[in-house]
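# Fold and contact review
Each chain, written out:
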Amino acid sequence: MPNAADPSSGSTSSSSSPLTPRRSAESAAEMVQVVLPNDANPLGFILGGTVMHLVDIAGAIASFRHARRRVVTAAVDDLVFLHPIKVGDLIILKARVTCTFSTSLEVQVDVFSEESLTGKRQLTSRAYLTFVAIDEAGNRVPVPPLLLESDEDGRVAAAARVRREQRLQRRVLSQAQE
């Protein structure tokens, strides 16, 4: 199992900061709300932009709980809409920190629909968001390491590090095109 204090794990922060590692469960967030007509398109399904807004909020809550600092959204990766959510159904968002870096962290947000009358649930979207912790002046600040408690946590964190590398490579390419 990966060690949260191991710098190669991607789950450690600056060595000069005595930040206590935190478990993913400590910062997990769940949001539930009913899909109303003003949230929907003319076909009676929730707007993609509304889902994106709620995903950002759920991710920010989990990030804030982990860092206990102001956080700002730096990136959204792999937001895929698998199934629509109808007016009258519930939208459920579950967010959890998957990996920490020195001043940023990745959060996975899973979105579910729940049919109001039957209780049937299905995964409708998944997204990975990166948040950066900042101080009052907007400067980056260290985040606590993520305590990896299982082999599965280690696999999830490793996948997050791969996404981060890909995201950083895309950023370099985008900046080169400017």
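Residues numbered from 1 in each chain as written. Predicted model: local features only at pLDDT ≥ 70, side-chain atom pairs only at ≥ 80, totals over all residues. Heavy atoms only, no water.

## Re the layout of surface pockets
Estimates place the volume of the largest pocket at around 290 Å³. Together, 14 residues line the largest pocket, and Ala74, Thr130, Arg167, Leu168 and Arg171 are the ones closest to its centre. Looking at the lining of the largest pocket, the elements with two or more residues in it are β3 (70-81), β6 (121-134) and α3 (151-176). For the lining of the largest pocket, the leading source of residues is α3, giving 5 residues. (1 Å grid on protein atoms, 1.4 Å probe; cavity = no way out; pocket = protein on both sides within 12 Å on 5 of 7 lines; lining within 4 Å. Points joined across faces, edges and corners; volume = space filled by probe spheres on them. Helix = DSSP H or I, 4+ residues; strand = E, 2+ residues; numbered from the N terminus.)

## Re the pattern of salt bridges
Per the counting criterion, the structure on display carries 9 salt bridges. Measuring nitrogen to oxygen at the nearest pair gives 2.5 Å for the salt bridge that ties Asp110 to Arg126. With a gap of 16 residues between them, Asp110 in strand β5 (residues 104-114) and Arg126 in strand β6 connect regions that are remote in the sequence. In this structure, Arg155 engages Glu152 in a salt bridge whose closest nitrogen and oxygen atoms are separated by 3.2 Å. (Salt bridge = Lys/Arg side-chain N within 4 Å of Asp/Glu carboxyl O.)

## So, empty space enclosed by the protein
Going through the model one piece at a time under the given rule, you end up with 1 cavity of 30 Å³ or more. When its volume is computed, the largest cavity comes out at roughly 40 Å³. Together, Ser24, Arg96, Val97, Thr98, Leu146, Leu147, Leu148, Asp153 and Val156 line the largest cavity. Of all the elements in the fold, those that place two or more residues in the lining of the largest cavity are β4 (90-100), β7 (146-147) and α3. With 3 residues, β4 is the largest single contributor of residues to the lining of the largest cavity. For the lining of the largest cavity, the class distribution of residues is 5 nonpolar, 2 polar and 2 charged. (Nonpolar A, V, L, I, M, F, W, Y, C, P; charged D, E, K, R; others polar.)

## Overview of the side chain of Ser113
Relative to the helices and strands, Ser113 is located in strand β5. When residues no more than four places from it in sequence are discounted, the contact partners of Ser113 are Ile85, Leu90, Lys120, Arg121, Gln122 and Thr124. (Contact = heavy atoms within 4.5 Å.)

## Things to note about the sheet that holds β4
In spatial order, the strands read β2-β4-β5-β6-β3; together these 5 strands make up an open sheet with antiparallel pairing. Looking at strand neighbours, the two that pair on one side only are β2 (29-34) and β3, the edges of this open sheet. If you compare each strand with its neighbour and ignore which way they point, the axes differ by 25 degrees on average. Where β5 meets β6, 11 bridges bridge the pair, whose relative direction is antiparallel. The residue of β6 that forms the bridge with Glu114 is Arg121. Here α3 sits on the sheet in contact with β3, β4, β5 and β6, set at roughly 85 degrees to β4. (Pairing = 2+ DSSP bridges. Axes fitted to C-alpha atoms, helices over the stretch in contact; angles between N-to-C directions.)

## Observations concerning the packing of aromatic side chains
Within the structure shown, the criterion is met by 0 aromatic pairs. Note that Arg163 overlies the ring of Tyr128, its terminal NZ or CZ placed 3.6 Å from the centroid. The ring of Phe101 carries the charged tip of Arg164 above its face, separated from the ring centre by 4.3 Å. (Phe/Tyr/Trp six-rings, centres within 6.5 Å; stacked < 30°, edge-to-face > 60°. Lys NZ or Arg CZ within 6 Å of the ring centre and 35° of its normal.)

Function cannot be inferred from these measures alone, as they are strictly geometric.
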